[in-house]
Amino acid sequence: MPDRRRQRYGDVDYDWEYRVDTTSATIRWRTRLRGLLHSPYQPVEPELFRAMLNALHIDFTRFTFIDIGSGKGRALLLASEYPFERILGVELLPELNQIARENIRKFPRHLQRCSNIEARVEDATKISFPPQGLVIFLFHPLPEADFVKFLANLNGSLETLPRPIYLLYAHPVFAGMVESCRRFKRIGGSEQYALFGPG
Ligand SMILES: C[S@@+](CC[C@H](N)C(=O)[O-])C[C@H]1O[C@@H](n2cnc3c(N)ncnc32)[C@H](O)[C@@H]1O
């Protein structure tokens, strides 16, 4: 039964199905310790990710998808099922990003509608956002103080270059911060996620 299997093996179903390594179960203790200082690695549930993307009624081909804190790249692989113009992952820990790159190389091409995927080592609080329309994915990416910096940076980018930006926020613990920033308004969601569009 799926529940028993999850209890015993953790979040490995996706990896078995697609022959990749995105589980948190195989993270080395040194990486785990570093994760505790920022935000520990945990991959998004595929069902939740697809529900969020399917609730977003936009022309994906006009947008760049960005995963803030992309870890081993599961959200990047899932996003490649949609016809984005480009997919970008930003991850603080090089050892996780190296695995993400291997996963991108191994993932079956015939399942992808976007193969323009880049996984980068970078501090997500300091990134220079691409100048296109953006779909930004957030899943427990940053502790509170860093989330504040991320939002201020995003605000600055929007001020310099106004463009459509959507936030897909899974398990949105800091949704109130996004709401209080007048550039975004809540356009959908459930108990598990929040969707924000241009305000
Ligand atoms: C909960 S995991 C999300 C993984 C991925 N987004 C997914 O859905 O499969 C959070 C990730 O954010 C990364 N992270 C934490 N602080 C960061 C920062 N300042 N810049 C970039 N990545 C960061 C962590 O190393 C971790 O891999």
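Data block above holds the structure.
Cut-offs used in this document
- Residues numbered from 1 in each chain as written.
- Predicted model: local features only at pLDDT ≥ 70, side-chain atom pairs only at ≥ 80, totals over all residues.
- Heavy atoms only, no water.
- Helix = DSSP H or I, 4+ residues; strand = E, 2+ residues; numbered from the N terminus.
- Buried < 20%, exposed > 50% of the residue type's maximum accessible area, 1.4 Å probe, protein only.
- Contact = heavy atoms within 4.5 Å.
- Expected span 1.5 Å × (residues − 1).
- Phe/Tyr/Trp six-rings, centres within 6.5 Å; stacked < 30°, edge-to-face > 60°.
- Near = heavy atom within 4 Å.
- Polar contact = N/O pair within 3.5 Å; in protein donor to acceptor, adjacent residues only side chain to side chain.
- Areas by Shrake-Rupley, 256 points an atom, 1.4 Å probe, with all protein chains shown as cover.
- Nonpolar A, V, L, I, M, F, W, Y, C, P; charged D, E, K, R; others polar.

Participant: Is there a simple way to explain the environment of phenylalanine 49 in this structure?
Facilitator: Residue placement: phenylalanine 49 occurs in helix α4 (residues 46-54). For phenylalanine 49, a relative accessible area of 0% gives the class buried. Sequence separation between phenylalanine 49 and valine 20 is 29 residues, and the spatial gap between their C-alpha atoms is 17 Å. The residues touching phenylalanine 49, leaving out its near neighbours within four places in the chain, are Val44, Phe65, Ala75, Leu78, Ala79, Tyr82 and Phe137.

Participant: Sorry, what's going on with the environment of arginine 182 here?
Facilitator: On the secondary structure map, arginine 182 appears in the loop between α8 (175-180) and β6 (184-189). Accessibility expressed as a relative area gives 79% for arginine 182, which makes it exposed. Taking C-alpha positions, arginine 182 is 6.2 Å from glycine 199, a pair spaced 17 residues apart along the chain.

Participant: So what exactly am I meant to see when it comes to helix α6 (residues 94-106) here?
Facilitator: Count 3.6 residues to each turn of an α-helix, and residues three or four apart come out pointing the same way. Its 13 residues place the ends of α6 18 Å apart at the C-alpha level, agreeing with the 18 Å of an ideal helix rising 1.5 Å per residue. Where α6 is buried, its residues touch α3 (29-37), α5 (74-79), β2 (86-91) and β3 (117-121).

Participant: Please clarify how the packing of aromatic side chains should be interpreted in this entry.
Facilitator: By convention here, two paired aromatic rings are described through the distance between centres and the angle between planes. As enumerated under the stated definition, the model contains 13 aromatic pairs in all. Taking 5.0 Å as the distance between ring centres and 70 degrees as the angle between the ring planes, the aromatic pair formed by phenylalanine 60 and phenylalanine 84 counts as edge-to-face. A residue pair is termed long-range when its members are at least 10 positions apart, and phenylalanine 60 in the loop between α4 and β1 (63-68) and phenylalanine 84 in the loop between α5 and β2 qualify at 24 residues. Neither phenylalanine 60 nor phenylalanine 84 differs from the other in exposure class; each is buried.

Participant: I would appreciate a short explanation of the side chain of serine 70 in the present structure.
Facilitator: Position of serine 70 among the secondary structure elements: in the loop between β1 and α5. Ignoring anything within four residues of it in the chain, the contact list for serine 70 reads Leu76, Gly89, Val90 and Glu91.

Participant: Explanation requested: the site of the ligand in the structure shown.
Facilitator: Near the ligand you find 26 residues, and of these Asp67, Gly69, Glu91, Asp123 and Ala124 are the closest. Backbone polar atom of valine 44 to an oxygen atom of the ligand: 3.2 Å apart, as the coordinates give it. Alanine 124 is positioned such that a nitrogen or oxygen atom in its backbone is 2.8 Å from a nitrogen atom of the ligand. In the complex, the protein chains occlude 99% of the 600 Å² of accessible area that the ligand would expose alone. At the level of secondary structure, the elements contributing two or more residues to the shell around the ligand comprise α5, β2 and β4 (133-139). Class assignment for the residues of the shell around the ligand results in 14 nonpolar, seven polar and five charged.

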